[in-house]
Amino acid sequence: MSKKDWGLFPTFAPTTIYGVVFFAFFLLAGCRTPLSRTDSPHLGASAGGDASAENEISKEVRFRLSEILEEKDVFIGRRDEKLQELSESVRAMADRLEKRLPGDKLAAKARADLVAGDLEGAEKHLRASLKKNEKNLSETRFSAAADAFDLGSLKALRLEYKEARDYFLRAVELEAENSDTLYQLGLVSDLLGGSTKAVEYYNKALEIDLAEFGETHANVSRSYHHLGLAWDRLGDMKKAAGYYDKALEVDLVIFGKEHAKIAVSYDNLGRAWNALGEKDKALGYYNKALQSDLAVFGEKHPTIATRYDNLGGAWRKRGNLKKAVEYYEKALGVDLAVYGEKHPKVAIRYNTLGLAWSTVGDMEQVIRYYEKALEVDLVAYGENSPEIVIRYNDLGGAWRKRRDLKRAMGYYEKALAVNLALFGEGHLKTASSYNALGAAWYALGDMKQAIKFYDKTLKIISGAFGENHPNVIATYSNLGAAWNALGDLEQAIRYYTRVQEIFVSIFGEKHPNVAISYNNLGEVWRKSGNLKKAAEAYQKALTIFQSALGPNHPNTKTVETNLKKVRSQTP
């Protein structure tokens, strides 16, 4: 069970009591609808990144690729885009196989199977070719490298990225100075979460291409572009922006101002500067991306919807809800025109509009858009799907913010039912539903029910992560708060003590999180009548806050007040 499966808690009970105004640990927020990106790498393209468009792929190939996307549960809203990427890779591979040496029967058979949609047959022939060529590497090294490269590309077509990486690594072993292979190895490494290794491979490819082609070549642009994406994923947005700028400079020379690649660079620069807090720069680049794509695609194209959405996000980050909603509604209008009313991408737009209205607390509008998103996704996915769980959780959270806890609980119960049906009792996604229900019962004041669901949550997540995971600690804290509210101070002390012990083991004695746990313990000891222990806990919290946050911080002041009250009550 991977950590990636976690992070689904839509809401949680307070973990602090009596005045400390922040939480000991944040549970991760409910996962949101996948964001569409225009810069997703596709694998297997020819040098320069553009596959030949001659000879449209057969319906058999398209059907097989569609089967793969369904088998791998690729998000429905991205399948058209991904199908196009994979189709380009098939055409590129077919071109490469056709250019093999005359009389290469295995390559010819692999190509015939490929264009007929028999990817497994193509793989069989290429594996036979690799085995044959590896027997005489002094004469057939480059042919063996080509076999390994195409086997890697085939595995990538089937979204089997670990196997693809193995074949690309073998191709690099056989032909170390091939920039195309290094570039593909970088792509697949990045897709597998190895952005640091991806940077290494992209830099090697870039070095080779600069030496061979000079600065203004499509291969050089692709390396700059993906170095930007890799640093983006690694969180270094300044480096990312630098590489996006370099890619843009090269592409402007090659393609001119009105080309899809130019808009992608503008869009990436907008995202990078947005993340760096340069809001005006971000807006400028997002507008340039929009104008470029409008010239290329016209108004009614999916890419234009993405550009409007990005502009909406930039205005939202500036705090201008009116402009944000204006662009989000434009994005919605484009997707409605392109896909119709019942497509998952339309649900994304409704969800985004709901999120926008949530920033100003207009829960009526939030709920209206979330309900529209749910309605669309029920048609697209059916009742029992992870996407529907997200919609139920969003609606539950919205109704909870509107103080209608019974309606909130109804949606959380629906989410739980779907998670149980899909994943079973012991899955982390089921735990997220238990936690949401625990929080809802806590807010309703039914501590016994809250404790019941928090206990279920704890059993699952402690088994998955062990004691020191943030969500485990938060659940201990939630249980402490619930037992405290119920009046069972012995149990509250038990859970708050456990939180304090874990915090000390993680952060040491002088961290603000440790101070929070001491404050919570102090409050429960005070309620139990043990003023001496309460004063000791408050004093420890105060010492840490004074050192870490200073004497005038609100949390320092709050604990100082707590300590004075206890000392005034001490005989």
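Since we're looking at a predicted model, the values are computed, not measured.

Definitions and cut-offs
- Residues numbered from 1 in each chain as written.
- Predicted model: local features only at pLDDT ≥ 70, side-chain atom pairs only at ≥ 80, totals over all residues.
- Heavy atoms only, no water.
- Patch = residues over 30% accessible without salt bridge, like charges linked within 9 Å, V, L, I, M, F, W, Y side chains within 5 Å.
- Areas by Shrake-Rupley, 256 points an atom, 1.4 Å probe, with all protein chains shown as cover.
- Salt bridge = Lys/Arg side-chain N within 4 Å of Asp/Glu carboxyl O.
- Lys, Arg positive; Asp, Glu negative; His and termini not counted.
- Charge placed at Lys NZ, Arg CZ, Asp CG, Glu CD.
- Helix = DSSP H or I, 4+ residues; strand = E, 2+ residues; numbered from the N terminus.
- Buried < 20%, exposed > 50% of the residue type's maximum accessible area, 1.4 Å probe, protein only.
- Axes fitted to C-alpha atoms, helices over the stretch in contact; angles between N-to-C directions.
- Parallel < 35°, antiparallel > 145°, perpendicular 65-115°, else oblique.
- Left-handed = near helix turned anticlockwise from the far one by under 90°.
- Contact = heavy atoms within 4.5 Å.
- Nonpolar A, V, L, I, M, F, W, Y, C, P; charged D, E, K, R; others polar.
- Bend = angle between axes of the 7 residues up to and from the residue.

*Asks:* Help me get a handle on a positive patch on the surface, residues and values and all.
*Replies:* Taken together, the side chains of Lys105, Lys109, Lys124 and Lys132 make up a positively charged region of the molecular surface. Elements that contribute at least two residues to the positive patch include exactly helix H3 (105–115) and helix H4 (119–134). Turning to its location among the elements, Lys124 is positioned in helix H4. The exposure class of Lys124 is exposed, given its relative accessible area of 57%.

*Asks:* Tell me what's going on with the packing of helix H11 (residues 260–275) against helix H13 (residues 302–317), and back it up with residues and numbers.
*Replies:* Between H11 and H13, the shortest axis-to-axis distance is 11 Å and the interhelical angle comes to 20°. One element, H11, and the other, H13, form an angle in the roughly parallel class. Judged by the twist between their axes, the crossing of H11 over H13 is left-handed. Across from Ala263, Val264, Asp267, Asn274 and Ala275 in H11, the residues of H13 making contact are Arg307, Asn310, Ala314 and Lys317. For the contact of H11 with H13, the per-class residue count stands at four nonpolar, two polar and three charged.

*Asks:* So what about helix H5 (residues 137–157)? Which residues, and what values?
*Replies:* At Ser143, H5 shows its strongest bend, of approximately 35°. Immediately beyond the C-terminal end of H5, within one or two residues, lies Leu159, with a positive phi of roughly 60°.

*Asks:* How would you sum up the pattern of salt bridges? Please name residues and give values.
*Replies:* For the coordinates displayed, the defined rule picks out 33 salt bridges. Here Arg222 ties to Asp180 by a salt bridge, and the two come within 2.7 Å at their closest N and O atoms. In this pair, Arg222 is assigned in helix H9 (residues 218–234) and Asp180 in helix H7 (residues 179–191), connecting sequence segments 42 residues apart. Overall, the relative accessible area of 6% leaves Arg222 in the buried class.

*Asks:* Outline the environment of Gly256, listing residues and values.
*Replies:* Mapped onto the elements of the fold, Gly256 is located in the loop between helix H10 (237–255) and H11. Among the residues examined, Gly256 registers a relative accessible area of 23% and is labelled partly exposed. Not counting residues within four places of it along the chain, the set of residues in contact with Gly256 comprises Asp251 and Ile262.

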